[in-house]
Amino acid sequence: MKKLSLLLASCFLLLASSGMVYASTTKTGDARFNSSLFNAESADFSRMETIKTWVADKYHNQTSIMKKVQGDVAMTVPQNPFSSHFAEPIVNNKGDTRYFGKTFHTLSAIELPFLQYVKQISQTRSPVTLEIAASMGLVSWKVPFCFQNGGIHYANELSKIVLDQRFEPVVNSRLGHANLTKHLTSLQGDCFTVLDHLKGKVDALYVQNLQHFFNPITNDKFMHLVNDLLAPGGRAYLSAHSFLFQDTEDALYKLYCKQKKGSDKYPGFVQYDVQFTNILGTEQGLEHTITNPIRPADDALITKVDKLDSDKCGVFNAFVNNQVVQVKTRKQNVVSNHFSPTIYQRTIADFPTLIHKDSFFITQEGERKKGWDWKGKISHAAAIVEKVAVPAPVAVTTTTTTATTVNTH
Ligand SMILES: C[S@@+](CC[C@H](N)C(=O)[O-])C[C@H]1O[C@@H](n2cnc3c(N)ncnc32)[C@H](O)[C@@H]1O
């Protein structure tokens, strides 16, 4: 029965995300399967008042467009139980065995300022914007709605399968009704090799859930790419997974403190064993235990490898919310790079041409966490950086006693 529900849910998601239906009739009373049961006005990000802060003013009086935008936005806010269907494991290109996790629901704390910034700069020009690791386009589809005076949004994604099978139907269904697909161009391939033509041209860049798949060497290279892509005065909005600490006794926390004290730029780069339990057939995690943490070498590959040495691994029946459900317990060895506002600040500080504007933790609901501590179920860290608008002046001393300043090139 459970399997049947999940199958129905997957079929429905395919239809809903491609825009063919909004509400399922299979489970009319269950908000996990029926997106129309969620009240869009009940979450900050999908409230019409919020949507108007990033959608260009010229659409505000077009009721059918605004209502459709609101319905589409509401589908992926974490407060909507339906959004869980958008957590899909990434299907890599053939032969690529790297691990890239799954897609993610809306992280409003970083997505909202990005969209608002695009709207703001589009008041006076046609901006060039870019999302790296756009996946199925859950952020990218919104950008053309921000453009007041035209603009072009590029969506870069490594996986051709994800672009062809998920991104295309999603963006067509969300932009087609407003005739906005002409403002969006997809760029398939590795961000390190396919974005050269955009160097120095990007006014606003968005990157969500990519950097924790990069080891320190690759992340340093990625920050160079960010610096190179941004136009003078352009901004980048970055977010990546943060710590998994449960408390200060956590073995990962102790390792993190030791590394941070030793001035490690990436104290969140760790390798560990994790035993975790998921509801069978879903990405929904119930609990996890972490053991044997170490700080791997800077060039260690990011991996998630099944360990079959535990007799506790397998499928079991368990009580969840007073129901018997099948759960799967697995043990894995993981290498991943966890971010924090401080880690972001340190990576930004390497670049005299990048200015740190803001950095913060994000909660599991996708909201900005007040303060700097990681306690209270954080899920991500985020940073906003700006490329200096004008190169810093360099003092030049002439042979006379007068000193003058010139701009460098
Ligand atoms: C965890 S998913 C995140 C997707 C999306 N940003 C989100 O938050 O749902 C990571 C994505 O990064 C893509 N990716 C990994 N390496 C990449 C690269 N070098 N260039 C472009 N995309 C890359 C993967 O194919 C995958 O779709």
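Residues numbered from 1 in each chain as written. Predicted model: local features only at pLDDT ≥ 70, side-chain atom pairs only at ≥ 80, totals over all residues.

**Q** Is there a simple way to think about the overall build of the chain in this case?
**A** Regarding its fold elements, the chain presents 10 helices and 14 strands. Here the chain, with 409 residues, has 36% of them falling under the buried criterion. (Helix = DSSP H or I, 4+ residues; strand = E, 2+ residues; numbered from the N terminus. Buried ≥ 20, exposed ≤ 12 C-beta atoms within 10 Å, placed from the backbone.)

**Q** What exactly am I supposed to notice about the site of the ligand here?
**A** In the vicinity of the ligand there are 20 residues, among which Ala 133, Ser 135, Leu 158, Cys 191 and Asn 209 approach most closely. Looking at the shell around the ligand, the elements with two or more residues in it are strand E2 (152–157) and helix H7 (191–194). Of the residues contributing to the shell around the ligand, the split by class is 10 nonpolar, 7 polar and 3 charged. (Near = placed C-beta within 6 Å. Nonpolar A, V, L, I, M, F, W, Y, C, P; charged D, E, K, R; others polar.)

**Q** What is the right way to look at the sheet that holds strand E1 (residues 128–132) in this model?
**A** Read across the sheet, 7 strands follow the order E3-E2-E1-E4-E5-E12-E11 without closing on themselves; strand pairing throughout is mixed. Edge positions in the open sheet fall to strand E3 (184–188) and strand E11 (354–363), since each of these has one partner strand only. Geometrically, the sheet is characterised by an average inter-axis angle of 15 degrees between neighbouring strands, direction not taken into account. Across 6 bridges, the pairing between strand E4 (residues 202–208) and strand E5 (residues 230–241) is parallel. Bridge pairing links Gln 208 to Ser 239 in E5. Relative to E4, helix H4 (residues 108–121) is tilted by about 165 degrees, and along the sheet it contacts E1, E4, E5, E11 and strand E12 (378–387). (Pairing = 2+ DSSP bridges. Axes fitted to C-alpha atoms, helices over the stretch in contact; angles between N-to-C directions. Contact = placed C-beta atoms within 7 Å.)

**Q** Sorry if this is basic, but what is going on with helix H10 (residues 341–349) here?
**A** For H10, the set of buried residues is Ile 343, Tyr 344, Thr 347 and Ile 348. In an axial view of H10, the angular spread of the buried residues amounts to 135 degrees, which keeps them on one side of the axis. The elements touched by buried residues of H10 are helix H8 (216–229), E5, E11 and E12. (Arc of directions from axis to C-beta.)

**Q** In this structure, what is going on with the environment of Pro 127? I would like to understand it.
**A** Relative to the elements of secondary structure, Pro 127 occurs in the loop between H4 and E1. With 27 C-beta atoms counted inside 10 Å, the residue Pro 127 sits in the buried group. Sequence separation of Pro 127 and Ile 152 is 25 residues, and the distance between their C-alpha atoms is 6.5 Å.

**Q** Quick question: what am I supposed to make of the environment of Ser 336 here?
**A** Topologically, Ser 336 is positioned in strand E10 (residues 323–337). For Ser 336 and Val 270, which are 66 residues apart along the polypeptide, the C-alpha to C-alpha distance reads 5.7 Å. For Ser 336, the residues in contact, after removing those within four places along its chain, are His 212, Val 270 and Ile 302.

**Q** So what exactly am I meant to see when it comes to the pairing of E10 here?
**A** A regular strand carries its side chains on alternate faces of the sheet. Alignment of strand E6 (residues 269–279) against E10, held across 11 bridges, turns out to be antiparallel. Opposite Gln 275, over in E10, you have Lys 331 as the bridge partner. Examined bridge by bridge, strand E8 (residues 303–307) and E10 share 5 bridges and lie antiparallel to one another. Note that in E10 the partner of Lys 307 across the bridge is Lys 331. Sheet topology note: the strand E9 (residues 314–320)/E10 ladder contains 7 bridges and is antiparallel. Opposite Gly 314, over in E10, you have Thr 329 as the bridge partner. Connecting the antiparallel pair E9 and E10 is a turn made up of 2 residues, with Asn 321 showing a positive phi of about 50 degrees.

**Q** What is the right way to read the pairing of strand E7 (residues 285–294) from this model?
**A** By the criterion of burial, E7 is predominantly exposed, with just 0 of the 10 residues buried. When E6 meets E7, the two strands line up antiparallel, connected through 7 bridges. Of the residues in E7, the one forming a bridge with Thr 277 is Glu 287.

**Q** Honestly, the confidence of the model for the chain in this entry has me stumped. Any pointers?
**A** Detailed conclusions should not be drawn from predicted coordinates in areas where pLDDT is low. Taken over all residues, the pLDDT of the chain has a mean of 87, while the share at 70 or more is 86%. Low pLDDT, under 50, characterises residues 1–25; the stretch is placed with 34 contacts to residues that sit more than four places away or in other chains. Note that residues 398–409 has pLDDT below 50 and, in this model, 15 contacts with residues that lie over four places away or in other chains. (pLDDT = per-residue confidence, 0-100.)

**Q** Looking at this structure, how should I read unusual backbone geometry?
**A** Glycine aside, residues mostly have negative phi angles, and peptide bonds mostly take the trans form. Phi at Ala 133 takes a positive value of approximately 65 degrees, unusual for a residue other than glycine. Relative to the helices and strands, Ala 133 is located in the loop between E1 and helix H5 (143–146). Owing to 22 C-beta atoms within 10 Å, Ala 133 belongs among the buried residues under this scheme. The phi dihedral of Ser 135 falls on the positive side, at around 50 degrees, and the residue is not glycine. Structurally, the position occupied by Ser 135 is in the loop between E1 and H5. A count of 27 C-beta atoms within 10 Å places Ser 135 in the buried class.

**Q** Help me out: how do you make sense of the environment of Phe 145 in this one?
**A** Along the chain, the position of Phe 145 falls in helix H5. Judged by the 24 C-beta atoms lying within 10 Å of it, Phe 145 falls in the buried class. Taking the C-alpha atoms as reference points, Phe 145 and His 183, separated by 38 residues in sequence, lie 9.3 Å from one another. Sequence-distant contacts of Phe 145, defined by excluding residues within four places in its chain, comprise Val 55, Ala 56, Tyr 59, Val 69 and Leu 180.

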